[in-house]
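# Report on the structure
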Amino acid sequence: MKEKKKIIGSIVILLVFIFFISMGYIASLRGNKYKEEEVFTESIEKESSNTNIIIYVNGEVKKPGVYELKENSRIEDAIKIAGGFSKDADRHKLNLAKKIKDEDYIYVDKIKKDNDSLEDGKKSVNNSGKININEASKEELKSVPGIGDVTAQKIIEYRESNNGFNSVEDIKKVDRIGEKTFEKLKDKIDVR
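Residues numbered from 1 in each chain as written. Predicted model: local features only at pLDDT ≥ 70, side-chain atom pairs only at ≥ 80, totals over all residues. Heavy atoms only, no water.

### A look at the overall build of the protein
Just so we agree on the cut-off: Elements are defined by DSSP. Helices are runs of H or I of four residues or more, strands are runs of E of two residues or more, and each kind is numbered from the N terminus. To sort residues, take the accessible area from a 1.4 Å probe on protein chains only and compare it with the maximum for the residue type: under 20% means buried, over 50% means exposed, and anything in between is partly exposed. In what follows, a contact means two residues having at least one pair of non-hydrogen atoms within 4.5 Å. Only the protein chains shown count as cover for residues, and all accessible areas are computed by the Shrake-Rupley method using a 1.4 Å probe.
Each helix and strand in the protein was counted, giving 6 helices and 5 strands. Mapped from its N terminus to its C terminus, the protein presents α and β elements in the order α-β-β-α-β-α-β-α-α-α-β. Burial status across the protein gives 29% buried among its 192 residues. In the protein, once contacts between residues fewer than 6 apart in sequence are set aside, the share between residues at least 24 apart is 41%. Element-wise, carbon and sulfur atoms account for 54% of the exposed surface of the protein, whose accessible area totals about 13700 Å².

Here it is, written out as structure tokens:
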């Protein structure tokens, strides 16, 4: 009987010992798992900091187009990759130090000479005082109620990529111009 108690006691001690050893082993595995996750997370963060962005450079540059640059690049980098400014570029309207982000659109305006602005004004405003949205400058577009800086740029982009507007109603195809905005500006624009 004493012999049986010793054997059972030894088995219980052995089981307790095995239990604690296995718990320690499982805990060490979990610790390694967390370390692996930390290493994995750090590697993803490093990769994401080395990602590239896609931008569109247009207007008065030597090679307009879509380009890939490193994240945190500046407008100056975008102009360089597009071949630099053309001879007619208005270099003073852009902040070359500004950081660019993915999907940015960078447009380099043409230098306006005094004669050009007078001629443009004659072309883009008709006898009834309506603005011709197919020829108006960004500033002239902004003079129309309901059209701000961003919307004026979107109108210019739309007309460049769609060979102009065929009717006044076509302006509703421009992002940010809904029915309410159209009602405000329809009597002040033309497509001549």
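### Quick look at the pairing of strand E2 (residues 65-70)
Every regular strand shows the same layout, with side chains that alternate between the two sheet faces. The condition is simple: Paired strands, in this sense, are two strands between which DSSP finds at least two bridges.
As defined by bridge partners, strand E1 (residues 52-59) adjoins E2 across 6 bridges and the pair is classed as antiparallel. Residue Ile54 lies in a different strand from E2, and its bridge partner there is Glu68. Here E1 folds back onto E2 in antiparallel fashion, the turn holding 5 residues.

### Structural notes on the packing of aromatic side chains
The description of two aromatic rings rests on the distance between their centres and on the angle between their planes. This is how the line gets drawn: Aromatic rings from Phe, Tyr and Trp, taking only the six-membered ring of Trp, are treated as a pair when their centres fall within 6.5 Å; an angle between ring planes under 30 degrees marks them as stacked, one over 60 as edge-to-face, and anything in between as tilted. Counted as over-ring charges are cases with an Arg CZ or a Lys NZ within 6 Å of the ring centre that also lie within 35 degrees of the ring normal.
By the definition in use, this model includes 4 aromatic pairs. Here the aromatic rings of Phe19 and Phe20 are separated by 5.5 Å at their centres, their planes lie at 70°, and the arrangement is edge-to-face. Note on Phe19: relative accessible area 46%, which makes it partly exposed. Judged by centre distance (5.0 Å) and plane angle (25°), the ring pair of Tyr158 and Phe165 falls under stacked. Just as Tyr158 is buried, Phe165 falls in that class too. Site record: aromatic cluster; members linked through ring pairs are Tyr56, Tyr105 and Tyr107. The ring of Phe182 has Lys172 sitting right over it, with the charged end atom 4.9 Å from the ring centre.

### Observations concerning a nonpolar patch on the surface
For clarity, the cut-off: Two distance rules govern patches: like charges are joined within 9 Å, and nonpolar side chains (Val, Leu, Ile, Met, Phe, Trp, Tyr) within 5 Å, applied only to residues with over 30% relative accessible area and no salt bridge. Definition used for salt bridges: Asp or Glu carboxyl oxygen within 4 Å of a side-chain nitrogen of Lys or Arg.
A cluster of nonpolar residues, Ile8, Val12, Val16, Phe19, Phe20, Met23, Tyr25, Ile26 and Leu29, forms a patch on the protein surface that exposes about 890 Å² of accessible area. Summarising the element assignment, Leu29 is placed in helix H1 (residues 2-49).

### Things to note about unusual backbone geometry
Of note in this structure, Glu103 is not a glycine but carries a positive phi near 75°. One can find Glu103 in the loop between helix H2 (75-81) and strand E3 (105-108). Taking relative accessible area as the criterion, Glu103 reaches 68% and is therefore assigned exposed.

### Some points on the pairing of E1
Bridging between E1 and E3 involves 4 bridges; their strand directions are parallel. Paired with Tyr56 across the two strands is Tyr105, which belongs to E3.

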